[in-house]
Amino acid sequence: MRMNEVTAALGRGPAGDPGAPVFAFGGDYNPEQWPEEVWHQDVALMCEAGVNLVSVGIFSWALIEREEGVYTFDWLDRVLDLLHENGIFVDLADATASPPPWFSHRYPESLPVTADGVRLGYGSRQAFCASSADYRRAAASLTRAIVERYAEHPAVVMWHVHNEYGCHNQPCYCDASAAAFRRWLRERYETLDALNAAWATAFWSQHYTDWAQITPPRRSGAQINPTQQLDFARFSSDELLECCRAEVAIIHELASQPVTTNFMGFNMGLNQPVDYWRWADELDLISNDHYLAAEDERNFQELAMTADLTRGWAGGEPWLLMEHSTSAVNWQPRNLAKAPGELLRNSLQHAARGADGILFFQWRQSAAGAEKFHSALVPHAGTDSAVWREAVELGHALQSIREVVGSPVVDARVAILHDTDARWASEIDSHPSVDASNRAETRRWHDAFYRLGISTDIRRSTDELGGYALVVVPMQYLVTDAAAERLRAYVDAGGHVVVTYFSGIVDENDRVRTGGYPGAFRELLGVRMEQFVPLRAGGTVSLSDGAAGMSDGATGIIWSEQGRSTGAQVLATFTSGVAAGSPAITRNDVGDGRAYYVATALQHPHLTELAASIAREAGLEPLELPDGVEVTRRGDGERTWTFVINHSDQAVELPIAGIDLLGAADARATEAVRVAQGGVAVVRSS
Ligand code: GAL
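These figures come from a predicted structure and were not determined experimentally.

Novice: A description of the packing of helix 11 (residues 299–313) against helix 12 (residues 342–352) should follow, citing residues and the corresponding values.
Specialist: Axis separation between helix 11 and helix 12 bottoms out at 9 Å; the angle between their running directions is 25°. Of the possible angle classes, the one that applies to helix 11 and helix 12 is roughly parallel. You can see that helix 11 and helix 12 cross each other, and the crossing is right-handed. Residue-level contacts link Asn 299, Phe 300, Leu 303, Ala 304 and Ala 307 of helix 11 to Glu 342, Asn 346, Gln 349 and His 350 of helix 12.

Novice: Report on the site of the ligand, specifying residues and quantitative values.
Specialist: Close contacts around the ligand come from Phe 59, Arg 125, Asn 163, Glu 164, Asp 289, Tyr 291, Glu 323, Trp 331, Phe 361, Glu 371 and His 374, and that covers them all. Trp 331 places a polar side-chain atom, nitrogen or oxygen, 2.8 Å from an oxygen atom of the ligand. A distance of 2.7 Å separates an oxygen atom of the ligand from a polar side-chain atom of His 374. Taken by itself the ligand offers 310 Å² of open surface, and the protein chains cover 95% of this.

Novice: Hey, could you go over the nonpolar core for me, with residue numbers and the actual values?
Specialist: Counting residues in hydrophobic clusters, the biggest one holds 177 residues, and the most contacted among them are Val 56, Leu 83, Trp 159, Phe 449, Val 471, Leu 543 and Ile 585. When near neighbours in sequence (up to four residues on either side) are disregarded, Leu 543 contacts Met 550, Ala 554, Thr 555, Gly 556, Ala 572, Thr 573, Phe 574, Thr 575, Ala 584, Ile 585, Thr 600 and Leu 602. Among the nonpolar cores identified, the runner-up in size contains 16 residues, and Leu 192, Ala 198, Trp 211 and Ile 214 belong to it.

Novice: Give me the environment of Val 404: which residues, what numbers.
Specialist: Counting through the fold element by element, Val 404 comes out in the loop between helix 13 (386–400) and strand 12 (409–410). Look at Val 404 and you get buried, because its relative accessible area is 0%. A C-alpha to C-alpha distance of 9.5 Å links Val 404 and Gly 354, two positions 50 residues apart in sequence. Apart from the residues within four sequence positions on either side, Val 404 is in contact with Phe 23, Arg 634, Trp 641 and Phe 643.

Novice: Could you give an account of the sheet that holds strand 14 (residues 456–459), with specific residues and numbers?
Specialist: The pairing of strands in a sheet comes from backbone hydrogen bonds and takes either a parallel or an antiparallel form. Ordered in space as 14-13-15-16-23-22-21, the seven strands form an open sheet in which the pairing is mixed. Each of the sheet's edge strands pairs with one partner strand only, and the pair in question is strand 14 and strand 21 (569–573). Here the average twist between neighbouring strands, direction ignored, is 20°. Note: strand 13 (residues 414–417) against strand 14, four bridges, orientation parallel. Bridging from a neighbouring strand, Val 414 pairs with Thr 456 of strand 14. Sheet contacts for helix 15 (residues 438–451): strand 13, strand 14, strand 15 (470–473), strand 16 (496–500) and strand 23 (593–598); angle to strand 13, the most-contacted strand, approximately 170°.

Novice: I'd like to hear about the pattern of salt bridges, residue by residue, with values.
Specialist: In the structure shown here, the tally under the stated rule is 45 salt bridges. Put simply, Arg 144 and Glu 253 hold a salt bridge, and the shortest N to O gap is 3.0 Å. Linking Arg 144 in helix 6 (residues 133–150) with Glu 253 in helix 9 (residues 226–254), this pair joins segments that are 109 residues apart in sequence. Classification of Arg 144 by relative accessible area gives partly exposed; the value is 29%. Taking relative accessible area as the criterion, Glu 253 reaches 51% and is therefore assigned exposed. The partner of Arg 278 in a salt bridge is Asp 238, and the shortest N-O contact between them spans 2.7 Å. Of the two residues, Arg 278 sits in helix 10 (residues 276–280) while Asp 238 sits in helix 9, which places them 40 residues apart along the sequence.

Novice: An account of the environment of Ser 426 is needed here, citing residue identities and associated values.
Specialist: The topology assignment puts Ser 426 in helix 14 (residues 420–426). Judged by relative accessible area, which is 8%, Ser 426 ranks as buried. As a C-alpha pair, Ser 426 and Leu 478 span 52 residues in sequence and 7.4 Å in three-dimensional space. Contact partners of Ser 426, with chain neighbours within four places excluded, come to His 431, Asn 438 and Tyr 477.

Novice: Which residues make up helix 16 (residues 481–492), and what values do they have?
Specialist: For helix 16, which comprises twelve residues, the first-to-last C-alpha distance of 16 Å matches the rise-based estimate of 16 Å (1.5 Å per residue) to within 8%. For helix 16, the secondary structure elements touched by its buried residues are strand 13, strand 15, strand 16, helix 17 (522–525), strand 22 (583–590) and strand 23. Just downstream of helix 16, Gly 494 is the residue with a positive phi angle, here 110°.

Novice: If you had to explain the sheet that holds strand 1 (residues 24–29) to someone new, which residues and values would you point to?
Specialist: Taken in spatial order, the nine strands of this open sheet run 7-6-5-2-1-11-10-9-8, and their pairing is parallel. The strands lining the two open edges of the sheet, one partner per strand, are strand 7 (259–260) and strand 8 (262–263). Pairing between strand 6 (residues 156–160) and strand 7: two bridges, direction parallel. The residue of strand 7 that forms the bridge with His 160 is Thr 260. Along the sheet face, helix 6 touches strand 5 (89–93) and strand 6 and points at about 175° away from the line of strand 6.

About the cut-offs
- In every chain, residue numbers begin from 1 and rise along the written sequence.
- Side-chain atom pairs in this predicted model are given and counted only at pLDDT of 80 or more, local residue features only at pLDDT of at least 70, and totals for whole chains, interfaces and linings cover all residues.
- Excluded from the side-chain calculations are hydrogens and water; all other atoms, namely the structure's heavy atoms, are used.
- Lines fitted to C-alpha atoms define the axes, with helix axes restricted to the stretch in contact, and inter-axis angles between N-to-C directions lie between 0 and 180 degrees.
- Labels follow the DSSP assignment, with helices taken as runs of H or I lasting at least four residues and strands as runs of E lasting at least two, numbered in each case from the N terminus.
- Angle categories: roughly parallel below 35 degrees, roughly antiparallel above 145, roughly perpendicular from 65 to 115, and oblique for all the rest.
- Should the near helix be turned anticlockwise from the far one by less than a right angle, the crossing is termed left-handed; should it be turned clockwise, right-handed.
- Residue contacts follow a heavy-atom distance rule, with two residues in contact if any of their heavy atoms lie within 4.5 Å.
- By convention in these notes, a residue is near a molecule or strand provided one of its non-hydrogen atoms lies within 4 Å of it.
- Two N or O atoms count as a polar contact when they lie within 3.5 Å, although within protein this holds only if one can serve as hydrogen donor and the other as acceptor, and sequence-adjacent residues are included solely when both atoms are side-chain atoms.
- Here, Shrake-Rupley sampling with a 1.4 Å probe gives the accessible areas, and only protein chains in the shown set may cover a residue.
- We define a nonpolar core as any set of buried Ala, Val, Leu, Ile, Met, Phe, Trp, Tyr and Cys residues linked to one another through side-chain atoms lying within 4.5 Å.
- Whether a residue is buried, partly exposed or exposed follows from its accessible area with a 1.4 Å probe, protein chains only, as a fraction of its type maximum: under 20%, in between, or over 50%, in that order.
- DSSP calls a pair of strands paired once it identifies at least 2 bridges connecting them.
- Put simply, a salt bridge is a Lys or Arg side-chain nitrogen that is within 4 Å of an Asp or Glu carboxyl oxygen.
- Each residue after the first adds 1.5 Å to the expected span of a helix.

Structure follows, in structure tokens:
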């Protein structure tokens, strides 16, 4: 990962002075929306706030290429020169995210088609099909033209391919996609017999006798073959990845700066299928966009979880927060403004979890267009505004903690598994309960460790797990033989694992592992479940008292199961409903390690108590933190930086000795750090 090249270049500054790396700070800059005199105000204000990196050109295709093959760069030249003269670096886009109207008008078949057969119109953005040869050709030409022009421009420190691949146009069900899907399937299965077997087409008379008969999973009268749906998600991700790869290759051919494309956190489910784990391997640095769900009262925990996932994609190395918002967005039902201090807290949460750059969408709030009510660093109100003052404060804070740049997050001894295939397969229709959600279950477990001050990595099952004290497997519905075997070997060697309900159920073709649930993990867990017993909407199931470190009165939601232990110690049983008497929480000693099974969805505080007792058994030490106080560490082997972020409305004091880099100059050395309500401290200890 090459994030360090970017922070090093920013640290050296435009004159190339020797200097330590610094955090990237800035955002999307769309000067084409403003008259040129505003650009001069922009750069002056960027300097005032300490902005050092802006993403330029993301939605500029229509202005760069006004007719096919005719490029106009004069305005972009002036923008880049102006930024460079003022010491501001550029993350330059290849501008392929939004084909212009002339393109869609000339190539109407490049527009994406929905599962219902509706061809989408243009006039918004990202209106193209990933399999369109016309789109691919035009995107490649545009990329080449832009990179040829700016590869040597001194302002450009990195490249921004496209924007949020798959956000608005995926999956596409058009005829070009269908043909590409068939090619992809031929490569995967080679023979129709193999495809028929994998897709279990004996069911409902779906047997294929010619490749030409195969279509994308277009809307049909009843449920569509689930393996076809799963393969179509895999294909759709690969098809977009082909687009990305082609653009990355052109940039690598012509330029030396690192290349990224911005991911969308957990928004990579079956409806927006992009397998970021696979994509991450192809990029020079990982960047992510994150927006709070404003009405979610624990949205800061969801932020933390997304940052942990992003760090997973980056293989533990520093990454870039490409976008977040200074305050409200414009696309939620009610776009709540951020509270005072929230901008700083959110930003430093990302930094605490490995981000070496904090960028925003966007620099100056648009005066027109669909995003005119989306917040920005420079709001409609101008610089006499709380948002601007908080942005400037953030710039100063990032300067104050710049010594952190480049250091990894330390102390994450718990891994939560989040495999893309498992996520996608779990979201296919016709499952036992619409309430059972891989993403939500992942969040419940992350939240439990978050409350305990125990750092978590989010990894995939093929990653090296040996260094973790505990691995959590939340609703890993689809699991390969190899992944199940790796987990078993991890436990054999002394690891602790927690597997939750609806895990290990199917193989990579979505075929059930018969003989009792949870199929692939049955032996490891020492349980054999006979049937799922999902609960009514809003229903609960009670658990026996006094078990597994939980206080009395624990209840599960969403799910229960009927079955028995085949060797595991039963820590709690279901005591109500159809599953009454069946094990709810079990523990199985295997080799030198332990495997827990949790057959329902638990909630705080019981889930937190259970997580604490399992963590202790795994040799970890949960902290007693006030609710809403977050503690995370980065370190370079000699120094440790502890980020304390207080989302609560109470001041907090924690026994952390060191220097608070954000404290007032005369009160920085501390034996115990005191963090005001809504405040942040970053304490250096050595
Ligand atoms: C992102 C997108 C940006 C902007 C932002 C608004 O998804 O990449 O261009 O639209 O959302 O929140």
